[in-house]
Amino acid sequence: MPSDEKDRYNSNSLVRGLDILRMFNAENPTLSLSEIANRLGVSRTTPFRLLYTLQTLGYLRQDEHTKRYELTPKVLELGFAYLSTLQLPEIARPYLERLRDETGASAHIGILDGREVVYVAREAARGVTTVNVTIGSRLPAHATAMGKVLLAFQSKERIKEILFGTELQPYTNYTKTMILELLQELETIRQQRYAMSNGEFESGIRSVAAPVFDRNGEVIAAVNVAAPESVLRDDFVSDTVLPAVREVAEKLSVFSGYRFSKSANQ
């Protein structure tokens with residue numbers, strides 16, 4: 001797309017609002033309306049509404065006496081989610097390695113992108129039990145344990161946007177393709193805080209997943225292990241695999257700023 005055509009879609013208000021936030025630094029911790037207008041090269045009336053909006057949203061505060069503006073700690077939220085996601089795969093690596101060694105299964109971290117799970121970290125199981133999923137792979141959310149965990153903690157409106165309007169593709173005889181049936185399972189997953197998939201995407205493969213929360217209680221990723229059903233037997237899953245997966249998810253949640261209540265851990 002030509003640059004002049006791209007410019008038509010730019011929001012000048014948004015651009016100027018971000019420019020205002022970038023004006024504040026160690027040399028200029030506070031700025032007046034006149035100083036901001038001069039830096040933007042506009043009259044005082046132009047930035048006034050932008051400053052009022054940023055103040056209302058909590059990103060700026062104005063001193064009642066000097067009438068000068070300064071940043072608030074809320075601006076840190078603009079980069080917090082990105083930084084947490086950026087660091088998560090690297091921070092998670094030793095946890096995934098331990099999870100792989102304890103369970104004999106491949107361990108992964110994934111994030112939700114529309115109707116798909118994107119795999120952002122992986123520690124492959126050793127030997128013939130390896131599940132062939134690489135970093136960057138995209139799998140259908142409705143047919144995978146990680147995807148169902150990520151879907152379960154979306155808002156009801158967001159879930160409808162993702163699931164409704166198109167048919168859910170069957171990958172095996174066990175794939176849930178009825179919306180109502182899937183919604184009922186998502187509600188159960190939300191309550192129990194983990195999900196399982198038994199041959200729903202690939203026959204003979206079992207997966208167990210748990211959510212990773214950020215400091216606002218939003219799910220930012222999921223942790224799972226996946227292996228042939230012969231490796232992840234029922235008793236082994238309940239006694240060893242599920243507690244291990246949940247423990248790793250909780251530790252990564254704490255790293256991301258989440259504080260667990262006593263009831264959440266019961």
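Rules of the game
- Residues numbered from 1 in each chain as written.
- Predicted model: local features only at pLDDT ≥ 70, side-chain atom pairs only at ≥ 80, totals over all residues.
- Heavy atoms only, no water.
- Phe/Tyr/Trp six-rings, centres within 6.5 Å; stacked < 30°, edge-to-face > 60°.
- Helix = DSSP H or I, 4+ residues; strand = E, 2+ residues; numbered from the N terminus.
- Buried < 20%, exposed > 50% of the residue type's maximum accessible area, 1.4 Å probe, protein only.
- Pairing = 2+ DSSP bridges.
- Contact = heavy atoms within 4.5 Å.
- Axes fitted to C-alpha atoms, helices over the stretch in contact; angles between N-to-C directions.
- Polar contact = N/O pair within 3.5 Å; in protein donor to acceptor, adjacent residues only side chain to side chain.
- Expected span 1.5 Å × (residues − 1).
- Bend = angle between axes of the 7 residues up to and from the residue.
- Salt bridge = Lys/Arg side-chain N within 4 Å of Asp/Glu carboxyl O.

S.K.: Explain the packing of aromatic side chains here, please?
M.R.: How two aromatic rings sit relative to each other is given by the distance of their centres and the angle of their planes. Taken as a whole and judged by the stated rule, the model has three aromatic pairs. Here F153 and F213 contribute two aromatic rings whose centre-to-centre distance is 5.3 Å and whose plane-to-plane angle is 90°, an arrangement assigned as edge-to-face. Here the residue F153 occupies a position in the loop between α6 (145–152) and α7 (156–163), and F213 occupies one in strand β8 (residues 205–213), the gap between them amounting to 60 residues. The burial state of F153 is the same as that of F213; both residues are buried.

S.K.: Please clarify how the sheet that holds strand β2 (residues 60–62) should be interpreted in this entry.
M.R.: Strands in a sheet are paired, the pairing made by backbone hydrogen bonds, and the direction either parallel or antiparallel. A sheet is described by the order of its strands in space; here three strands give the open sequence β1-β3-β2, paired in antiparallel fashion. Edge positions in the sheet fall to β1 (30–31) and β2, since each has one partner strand and no second. Here β1 pairs with strand β3 (residues 69–71) via two bridges, running antiparallel. Looking across to β3, one finds that T30 is bridged to E70. Along the sheet, helix α4 (residues 45–57) contacts β2 and β3; its crossing angle with β2, the most-contacted strand, is approximately 105°.

S.K.: I keep staring at the pairing of strand β7 (residues 195–198) and nothing clicks. Help me out?
M.R.: In the case of a regular strand, side chains alternate between the two sheet surfaces. Of the two faces of β7, the one holding A195 and S197 is buried and the one holding M196 and N198 is not buried anywhere. By the bridge criterion, four bridges tie β7 to β8 in an arrangement that is antiparallel. Bridge assignment links A195 to a residue of β8, and that residue is A209. Hairpin connection, β7 to β8: the antiparallel pair is bridged by six residues, and G199 has positive phi, about 65°.

S.K.: Looking at this model, I keep getting lost on the side chain of S197. Mind explaining?
M.R.: Counting through the fold element by element, S197 comes out in strand β7. When near neighbours in sequence (up to four residues on either side) are disregarded, S197 contacts A143, T144, A145, K148, I205, R206 and S207.

S.K.: Can you help me understand the environment of L150 in this one?
M.R.: Mapped onto the elements of the fold, L150 is located in helix α6. Contact partners of L150, with chain neighbours within four places excluded, come to G110, I111, L112, V117, V219, A221 and A222.

S.K.: Teacher, can you tell me more about the environment of D63 here?
M.R.: With respect to the element layout, D63 can be found in the loop between β2 and β3. C-alpha of D63 to C-alpha of S32: the two residues are 31 residues apart in sequence and 10.0 Å apart in space. A distance of 2.9 Å separates the side chain of D63 from the backbone nitrogen of T66, its partner in a polar contact.

S.K.: Explanation requested: the sheet that holds strand β6 (residues 138–140) in the structure shown.
M.R.: Strand order in the open sheet made by the six strands is β6-β5-β4-β9-β8-β7, with antiparallel pairing throughout. Edge positions in the sheet fall to β6 and β7, since each of these pairs with one other strand and no more. Averaged over neighbouring strand pairs, the angle between their axes works out to 30° when direction is ignored. Summarising the sheet, strand β5 (residues 116–123) and β6 pair through three bridges and their orientation is antiparallel.

S.K.: How should I be thinking about helix α9 (residues 234–255) in this particular structure?
M.R.: Think of an α-helix as turning once every 3.6 residues; residues three or four places apart then point the same way. Given a rise of 1.5 Å per residue, 22 residues ought to cover 32 Å, and the 30 Å separating the end C-alpha atoms of α9 matches this to within 8%. At V241, α9 shows its largest kink, close to 40°, and the proline P243 lies no more than four residues downstream. By the burial criterion, the buried members of α9 are F236, V237, V241, L242, A244, V245, V248, A249, L252 and S253. Just beyond α9, the residue with positive phi is G257, at close to 100°.

S.K.: How do you make sense of the pattern of salt bridges when you look at a structure like this?
M.R.: Close approach of charged atoms lets side chains of opposite charge pair. Under the definition given, this model contains 17 salt bridges. As a salt-bridge pair, E102 and R98 come within 3.7 Å of each other at their nearest N and O atoms. Highlighted residues: E102 and R98, both in helix α5 (residues 77–103), separated by four residues, approximately one helical turn. R98 gets classed as partly exposed once you look at its relative accessible area, which sits at 33%. Note that K148 and E185 form a salt bridge whose closest N and O atoms lie 2.8 Å from each other. Highlighted residues: K148 in helix α6 and E185 in helix α8 (residues 179–192), separated in sequence by 37 residues. The burial state of K148 is the same as that of E185; both residues are buried. Because the salt bridges share partners, they merge into one network encompassing R93, R100, D101 and E123.

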